[in-house]
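Summary of structural features
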Amino acid sequence: MVSIQRARRVFFRARLVALSEHLPHLRGAWFTAAVVALLAASIFSTASATPRLERQGSTMRLIVNDQPMLVLGGELGNSSASSAAYMAPYWPKLKQMNVNTVLAPVSWELIEPVEGRFVWTSLDQLLRDARAHDMKLVLLWFGAWKNSMSTYVPSWVKRDQARFPRVQLPNGQSTDILSAFSIATRDADARAFAALLNRIKEVDSKQSTVVMVQVENEIGMLPVAREYGAEANRLFAERVPAELMSHLDASRANRTGLHELWAEQGGKREGTWVEVFGEGDAAAEAFTAWHYSRFVEALVVAGKAAYPLPMFVNAALNRMNKAPGEYPSGGPLPHLLDVWKAGAPSLDLLAPDIYFPNFVDLAARFRRADNALFIPEANNADKPEVPANAFYAFGKLDAIGFSPFSIESIADRKPNPLADAYAVLRQLSPAILSAQGLARMSGFKPRILEDQTVLDMPVTEDIGGYRFTVSFIDPWMPEAQQSTATHGGLIIQTGPEDYLIAGQGIVVTARPIGPGPPLAGIDQAWEGTFDSQGRWLPGRLLNGDQTHQGRHVRLAPGNFQIQQVRFYRYR
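So, here's what we can say about the structure. All figures in this text were calculated on a predicted structure; none of them were measured in a lab.

With that settled, consider the overall build of the chain. Looking only at helices and strands, the chain features 17 helices and 25 strands. Its C-alpha radius of gyration of 25 Å places the chain within 12% of the 25 Å reference for a compact globule of 571 residues. Overall, the C-alpha framework of the chain stretches about 75 × 55 × 50 Å when taken along its three principal axes. Per-residue burial over the chain gives 57% buried out of 571 residues. For the chain, long-range pairs separated by at least 24 residues make up 75% of all intrachain contacts whose partners lie at least 6 apart in sequence. Of note, the chain has its 57 positive side-chain charges centred 6 Å away from the centre of its 57 negative side-chain charges.

Counting buried positions along strand 2 (residues 59–64) yields six of six residues, so the element is predominantly enclosed. In the sheet, strand 1 (residues 52–56) pairs with strand 2 via five bridges, with the strands oriented antiparallel. Residue pairing in the sheet places Glu54 in a bridge with Arg61 of strand 2. Counting the residues that bridge the hairpin from strand 1 to strand 2 gives two residues, and of these Gly57 lies at a positive phi of roughly 60°. Where strand 2 lies against strand 3 (residues 67–69), three bridges are found, and the strand directions are antiparallel. If you follow Val64 over to strand 3, its bridge partner there is Gln67. Counting the residues between successive antiparallel strands, the hairpin from strand 2 to strand 3 contains two residues, one of them, Asn65, with a positive phi of roughly 55°.

As for its placement among the helices and strands, Thr59 is situated in strand 2. Setting aside chain neighbours within four positions, we find Thr59 in contact with Glu54, Arg367, Ala372, Asp398, Gln436 and Gly437.

Moving on: empty space enclosed by the protein. Inspection of the entire model under this criterion finds two cavities of 30 Å³ or more. In this structure, the largest cavity spans a volume of roughly 40 Å³. If you trace the largest cavity, you find it lined by Ala180, Phe181, Met221, Arg226, Glu227, Thr288, His291 and Tyr292. Looking at the lining of the largest cavity, its residues break down into four nonpolar, two polar and two charged.

All right, on to the sheet that holds strand 21 (residues 506–512) then. If you trace the four strands from one edge of the open sheet to the other, you get 17-18-21-24, paired in antiparallel fashion. On the outer flanks of this sheet lie strand 17 (459–463) and strand 24 (553–555), each paired with one strand and no other. Each strand axis lies, on average, 25° off the axis of its neighbour in the sheet, ignoring direction. Pairing between strand 21 and strand 24: three bridges, direction antiparallel. Bridge pairing links Ile506 to Leu555 in strand 24.

Strand order in the open sheet formed by eight strands is 11-10-9-6-5-4-13-12, with parallel pairing between adjacent strands. Both edges of this open sheet fall to strand 11 (349–353) and strand 12 (374–375), since each of them pairs with a single strand only. Strand direction decides the pairing type here: strand 9 (residues 210–217) and strand 10 (residues 311–316), joined by two bridges, are parallel. If you follow Val213 over to strand 10, its bridge partner there is Met311. Along the sheet, helix 8 (residues 183–204) contacts strand 5 (101–107), strand 6 (136–146), strand 9 and strand 10; its crossing angle with strand 6, the most-contacted strand, is approximately 165°.

Definitions and limits used
Residues numbered from 1 in each chain as written. Predicted model: local features only at pLDDT ≥ 70, side-chain atom pairs only at ≥ 80, totals over all residues. Heavy atoms only, no water. Helix = DSSP H or I, 4+ residues; strand = E, 2+ residues; numbered from the N terminus. Rg over C-alpha atoms; globule rule 2.2 N^0.38 Å. Buried < 20%, exposed > 50% of the residue type's maximum accessible area, 1.4 Å probe, protein only. Contact = heavy atoms within 4.5 Å. Lys, Arg positive; Asp, Glu negative; His and termini not counted. Charge placed at Lys NZ, Arg CZ, Asp CG, Glu CD. Pairing = 2+ DSSP bridges. 1 Å grid on protein atoms, 1.4 Å probe; cavity = no way out; pocket = protein on both sides within 12 Å on 5 of 7 lines; lining within 4 Å. Points joined across faces, edges and corners; volume = space filled by probe spheres on them. Nonpolar A, V, L, I, M, F, W, Y, C, P; charged D, E, K, R; others polar. Axes fitted to C-alpha atoms, helices over the stretch in contact; angles between N-to-C directions.

Remember, this is a structural readout, not a statement about activity or role.
Pasting the structure below:
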């Protein structure tokens, strides 16, 4: 134990030095106290008690109560969690939908209505209700910004524009967005956020009801690419910070849009924002991203000093051919991920909110070696393609969690495809968690373009010793009656020739790869379920018409199911 504590002391002293060098603009007693608290907590407590991310293979897994967890989530509507009475009838319905984690906002205006006086009634009730229904929480901090705007701040912030200045547009007009360049705003937000994390630690550290925290919500500048106040203008004329340039240089292999823009401008190693990134909105957006990320880093450092839960920010994504400011400029967007990685290194994840049809393309851009995939808003919960997207996210992209928005709005829906999909994913969670990051699993769904064109041709992928071809058009049903955009599933290798195949609307064929007999057959295919203890309960042994005389595995449209399949090789 002594050696472990000594190692921790060395590590966190180094971290303290790094933080002080990396964040020289963070000054004041609150920051010093926060870092000291982080150092002490890290030395004298065990990390196993706190939810955390741990690497497995090529990805990360969420660990809660020292066990890996797959978040089958649902995000509440923005105002729902502010009223326990409003939420009361929904909790049992969400439980019946197989949701295991609720994403719920906690707003600054509710917890600090008077400066320095915190009211925890709404948070404490949220925790009690989640525990009563054996559910976890991901809390969404609606602080300085929510969907770019600043409407969730307390009245004492809203009404004091001298102390908490607003964004200035090019014509000098103010907007209802707090300036990211205000130290007073940053420090007030960070104090409230740290108080929230401290409260969670006080009342929840033993139960770990709260498993992650989102910092702000869909940060981004509107309706222009950057602020035009005096401080913003002064900093925009200065050189790009050296730490950002160093990170971009080290991350060239990521080839984001910003890297390409930088290369087009000559790949300069130093210079002003315009000199490095060129004239126009691109430089302004990179500048905005940097300063938003620095603001967020201050909150994360303060929050983790109180209670080091995993923390992330979410992105309101941009459509093609839209200019910064027409979408929230400077958020953690795919082309700006490395700006955020450099500016907010204490963040655990950068997460996409995906409301556009091209889910496959957008989700993949957030699955990187340095960024596990978590999707806090996976379209509206009533969208018919959402269940297939969940199978794809977990199977193909090793997502740690998936969460459609306004989950309570479909709690009474019958039938409920999302509930049916979550029932299957809940049963498969141990197998999914075991396979993540180890190349033993993949997910499948038709690729849909941004213009909603559905590309439903078959997809081929190697898993273990077999090459699988997955088709999305069911041969036993008229094609005109099929909505292939909703079809999807996953395949998990559980043994040398054993696989779990799950989903709906897919037909799977296999052929061997590598040395040995060149043909594949189906030894056995069982439909069935896993019980709450993870035991396989077989149903029918499928053969004949159900496997097209041993030619394929079929999961019919409209019926989410699991099949346990063993293949064999022959000549």
